[in-house]
Every structure is written in structure tokens, then in C-alpha cells.
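Okay, here's what each chain looks like letter by letter:
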Amino acid sequence: MQGFIEEDDVDGALRIKELMVESGCALTTVSVNVLVNGLCREGRIEEALRFIYEEEGFSPDQVTFNALVSGLCRAGLIKQGLEMMDFMLGKGFDLDVYTYNSLISGLCKLGEIDEAVEILNHMVSRDCSPNTVTFNTLISTLCKESHVEAATELARVLTSKGLLPDVCTFNSLIQGLCLTGNREIAMELFKEMKEKGCEPDEFTYSILIESLCSDKRLKEALMLLKEMEKCGCARNVVVYNTLIDGLCKSNRIAEAEDIFDQMEMLGVSRSSVTYNTLINGLCMSKRVEEAAQLMDQMIMEGLKPDKFTYTSMLKYFCQQGDIKKAADIVQNMTLNGCEPDIVTYGTLIMGLCKAGRVEIASKLLRSVQMKGIVLTPHAYNPVIQALCKRKRTSEAMRLFREMMEKGDPPDAISYKILFRGLCNGGGPIQEAVDFTVEMLEKGILPEFPSFGFLAEGLCSLSREDALVELMNMVMEKGRFSQSETSIIKGFLKIQKFNDALANLAAILDRKRPRRF
């Protein structure tokens, strides 16, 4: 029965139980507990309880209750698990580390870290010593919740109790430190880990390599790969994919190709992600022919190109203005059973707009809509922008309203594109004013150059009151400080509009998100 359960075949174990009964072999407490544990492992709690109830002469013991608590917690039924704990205590059972660990693990999975710590305190108060699994569960959850200091303190408690941190403890702390941007401390902990004789595993290296690559510290990441090779640590496809991605993003394609080739020599299977990453890197470096050859190699290795593979090449041809080849890519996708999605169509629409073929882009937008695909700002924005550049703001506004009604809601870029178009397009100024108010009510601050055009137009029409009202709204929605607001309002009061606008421009520029 236990053998079947280990292979996740509880029904097989139940068939053995029927054979036992047919053969006149009485079920023992051990037999029942084996089956209860198997049912609970598969989340079949009701069957386990019914089985306990129907089995004559059987009295549940600590093993039975532990299996039930574990099963309830695995199924996310923590409340019932805690009630079972209270029932056990009421019946005089001494809860062991297995029971407590099940409850702590269940609470941690639900993010109930405070309640999990309460169970830990309850455990200690009843002289049940936590083990490494107990602490690792809590430390891992604290790190995932970015409470790295609390996790570190818990690790110190672990050491003070004579329990040495294992590779899981270190991995959780290193990952938590990396996620919170404390890479230097993570590297120090990695060094300490090795000094204490705890061998890093592939997960340790994966965490650090990913963190270093995201920080563009590729030299250190490559050194860690060499260290993995030297100490005989298993290398998985994720490590190589991370390095290839980091090298491609830094335009070090030749080195990325070397890593790609290394994988074959070392027998590490390359995945679709591996190929897609390098294909994208080659396309970004305008080596599209080599990218196409790599796609052919990908197919020969039994991997099917997906939308990410095709989109990399599609972006390249769109950027080059080669719309025919871009359209061919979309056609090939369909022929090869890879249905284009809104990202694919959005990329093609953007390419058409950049090539000045707005009418075809609009038609494509309509045909995509007819397919039942929900249009996103990624598809709408290029067409709206192209129409605004051609001073066709009425059509752009109609498309914007259509997006609000039929597609995904407009994003900040949608608002900014149309705002710019309305302010610079020479259309009705009141339309631009109304749209500015609508945009501000969504919490989106205007870009100053376009707002400056609008302000100039309002002043030329002697509509300074409307300008003052808009500026007050910008200051309110932008949460300007009291000193910033006082300076601008002071200039407005004495009708020094240019000075007020100059201060507004400087503050908006400071508040604008920077791209690094």
C-alpha cells in the first residue's frame, strides 16, 4: 500500500486493502494510517474521514491526526487544520514537530506570517523544539514578503538553538536580499555560506547570476558560471538562459553565442526560451539572416517556434520599414499553427504607422477586432499617434473613445498622445481643455511642452481664468508641495503667467519618470 502511495496511486493502495479484506487479513492501525495519509496527500480529506469513521475497532492516534492536519493545510483549509489542532490538545495528544510544521507551512502559503509565528511561539511554549524545516519555512516566507531583516533575525535564532542553517536557509536569505536590491550583502552571505562548509547548489548560483545580470554585472556573473563548472555543480538551462539574455541586452552577442554553443557541448538541453532569447538578440543587432537560420535549427531540434520567436523578427522588419516581410512573418505564423495575438498585430500596426500607411493600419485594426480579439492600447496608440501627426484629431478622438467602449482601457501613453495632438493640432481649444480635465481626473499629469501650447492659446483668446483653473488642478493632482504651489499661485495672482508657467514646467519635469 505504501509503495502505491509513494507513486501517487492511492486507488492502487485501496485495491490492496480490498485484497487484504478478501483474504481475511485484518487491517491494523498501521494499515489504516497508511491509507489515511495517502488520501490526505491527494486532498481527499472527506474520504479519509469517512474511512476512519467506517473502520470498526479503529481508534485514531497521533499519526492519524497528523495526516489529517497535513492534508487540511495542503488543501488550504487552515481554519479546519487549526480546529483539528485544538481537538488534539483537548484529547490530550502531544503535538509533535510534524503537526506544527504542517500548520506553519499552510499559514505561510496563505501569507499569514503573523499567525505562523504565533504557532511557532505556541510550539516552543509546549516544549516542542522547532527543526530546520520549521525555520526554513518561515524564513522563506519572510524573504518573499521582503521582510529580509526579520528573516535574518530568525536565522540567528536558528543558529543560537544549535541548528545549523542549511542550503535552503541560505538560498532564501540570498534571494530575499537580491529581490530587495541588497546584492552586495547577498554576495557576502554567499561567501559566508561557503566558509561555513555549506555547499551552494544550482539554485544558489541561479539566484546570484540572475541578480548580477539584471544589474549588468556580467563579468561577475560569468565568473560564477566558471565557479559552478569548477566545483562540479549541476548547471541547468535557466542559468544559461539568464546569461544569454543579459549578454544580448548588453549587445554582447558573440559571447551569448559562445554560451549557446557551450550548452550543446556540456549536454544541457536548449529550450524555446534559449532560442528565442538569442534570436531576439540577433534581430536587435540587425543580424536577421542568422536569426532565421537559428529558427531553422530550432525546428530541427524538435522545438516549435512560438509567438515570441516570430515577434522578434516581426519587430525587426517593422523597424526597417519592410512591411511586406513583416506581413509574411504574420502569415507564416498562421500557416505553422502559431496564432498571432494582440501583441503580434500591435507590432505590425506600429510598423505600418511608422511606414506612413495609416489607412492600412486602421483596416488591420478593424480586421483584428472582427476576429474577436480584444484590442489593447498597444494596438490603438500607434494609429491615434499617426492620425494626430496628420492633424486628423477628430478621427483620433473617435478611435480613443472606441478604445474606451470596446477595448482595454486607454493607458497613460494613450492620454498623452491625444493630449499632445489636441494641443498642437489647431482644433477646437475647448476640446483640448475638456480633455486635459479628463486626463487630470485619471491622475495623469500633462507633458509641459503641449500644455504650454494650450496655455498660449488660452491667453491669446483672453481665457486666463480657464488657464488658472487648469493650473490649479495640475498642482492638486500632482501633489505639489506648499512652497511650489505658493510660488505659482503668487505669479498667477499678479498675472505673471509666463513666470507661473516656467515654474510649472520645471516642477513637472522633475516629477516626470526618468528612463535609465
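As a starting point, this report considers the structure included with it. Please read these numbers as outputs of a predicted model, since none were measured by experiment.

Structurally, Arg270 is set in the loop between α16 (253-266) and α17 (272-284). At 3.0 Å, the side chain of Arg270 and the backbone oxygen of Phe260 are in polar contact. Reaching out from Arg270, the side chain makes a polar contact with the side chain of Glu301 at a distance of 2.8 Å. Sequence-distant contacts of Arg270, that is, excluding residues within four places in its chain, are made with Phe260, Asp261, Met263, Glu264, Tyr275, Gln297, Glu301 and Leu303.

Turning our eyes to something else, we now look at the packing of helix α22 (residues 358-370) against helix α23 (residues 377-389). Here α22 crosses α23 at 150 degrees, and the two axes come no closer than 10 Å. The pairing of α22 with α23 is recorded here as roughly antiparallel in orientation. Crossing handedness for the pair α22 and α23: left-handed. Each of Val358, Ala361, Ser362, Leu365 and Gln369 in α22 lies in contact with α23, whose residues at this interface are Ala379, Tyr380, Val383, Ala386 and Leu387. In terms of residue class, the contact of α22 with α23 is made up of eight nonpolar, two polar and no charged.

Here we come to a negative patch on the surface. On the surface, Glu112, Asp114, Glu115 and Glu118 cluster together into a negatively charged patch. Following the sequence through the fold, Glu118 ends up in helix α8 (residues 113-125). Judged by its relative accessible area of 55%, Glu118 falls in the exposed class.

By definition, a disulfide links the sulfur atoms of two cysteine residues through a covalent bond. Following the criterion strictly, the structure yields zero disulfides and no others. Take Cys198: it sits in no disulfide, and the sulfur closest to it among the cysteines is that of Cys168, at 8.8 Å. A disulfide-free cysteine, Cys423 has its sulfur positioned 10 Å from the sulfur of Cys388, the nearest such atom.

Pairing between side chains becomes possible if they bear opposite charge and their charged atoms approach one another. Taken as a whole and assessed by the stated rule, the structure comprises 28 salt bridges. When the shortest N-O distance is used, the salt bridge between Arg270 and Glu301 registers 2.8 Å. Pair noted here: Arg270 is in the loop between α16 and α17 and Glu301 is in the loop between α18 (288-300) and α19 (307-319), with a separation of 31 residues, a long-range link. You can call Arg270 buried: its relative accessible area is 8%. Here Arg510 makes a salt bridge to Glu484, at a shortest N to O gap of 3.2 Å. Highlighted residues: Arg510 in helix α30 (residues 497-511) and Glu484 in helix α29 (residues 482-493), separated in sequence by 26 residues. Connected through shared salt-bridge partners, Arg183, Glu184, Asp215, Arg217 and Glu220 make up one network.

Another aspect to go through is helix α9 (residues 132-144). Helix length check: α9 (13 residues) gives 18 Å between terminal C-alpha atoms against 18 Å at 1.5 Å per residue, within 8%. Here α9 lies mainly inside the structure; 10 of its 13 residues are buried. Taken together, the buried positions of α9 are Thr132, Thr134, Phe135, Asn136, Leu138, Ile139, Ser140, Thr141, Leu142 and Cys143. Elements in contact with the buried residues of α9: α7 (97-109), α8, α10 (148-160) and α11 (167-179). Measuring from the backbone nitrogen of Val133 back to the side-chain oxygen at the start of α9 gives 3.1 Å, which picks out Asn131 as the cap. Within two residues after α9, Ser146 carries a phi angle of roughly 70 degrees, on the positive side.

What counts as what
- Numbering of residues begins from 1 in every chain and follows the order in which that chain's sequence is written.
- Predicted model: local features are reported for residues with pLDDT of at least 70 only, side-chain atom pairs are reported and counted for 80 or more only, and whole-chain, interface and lining totals are derived from all residues.
- To obtain the side-chain values, all non-hydrogen atoms of the structure were used and water was disregarded.
- A helix here means a DSSP run of H or I that spans at least four residues, while a strand means a run of E at least two residues long, and both kinds are numbered starting from the N terminus.
- Side-chain atoms alone can form a polar contact between residues adjacent in sequence; in general such a contact is a pair of N or O atoms within 3.5 Å, and within protein one must be able to donate a hydrogen while the other accepts it.
- Two residues form a contact once any of their heavy atoms are found within 4.5 Å.
- Throughout, an axis means a line fitted to C-alpha atoms (over the contacting stretch in the case of helices), and angles, computed between N-to-C directions, take values from 0 to 180 degrees.
- Oblique is the label for any angle not covered by the other classes, which are roughly parallel (under 35 degrees), roughly antiparallel (over 145) and roughly perpendicular (65 to 115).
- Throughout, a crossing is termed right-handed when the near helix is turned clockwise from the far one, and left-handed when it is turned anticlockwise from it by less than a right angle.
- Asp, Glu, Lys and Arg are counted as charged, while Ala, Val, Leu, Ile, Met, Phe, Trp, Tyr, Cys and Pro are counted as nonpolar; the rest, among them Gly, fall into the polar class.
- Nonpolar side chains (Val, Leu, Ile, Met, Phe, Trp, Tyr) within 5 Å and like charges within 9 Å form the patches, drawn only from residues with over 30% relative accessible area and no salt bridge.
- The protein chains shown are the only cover counted for residues, whose accessible areas, like all others here, come from Shrake-Rupley with a 1.4 Å probe.
- Take a side-chain nitrogen of Lys or Arg and a carboxyl oxygen of Asp or Glu: if they are within 4 Å of each other, that pair is a salt bridge.
- Only four residue types enter the tally: Lys and Arg on the positive side, Asp and Glu on the negative side, with His and both chain ends excluded.
- Where a charge sits is defined by one atom per residue type, namely NZ (Lys), CZ (Arg), CG (Asp) or CD (Glu).
- The classification of residues rests on relative accessible area computed with a 1.4 Å probe and restricted to protein chains. Under 20% of the type maximum is buried, over 50% is exposed, and intermediate values are partly exposed.
- Cysteine sulfur atoms are paired as a disulfide whenever they fall within 2.5 Å.
- Helix span is expected to be 1.5 Å times the residue number reduced by one.

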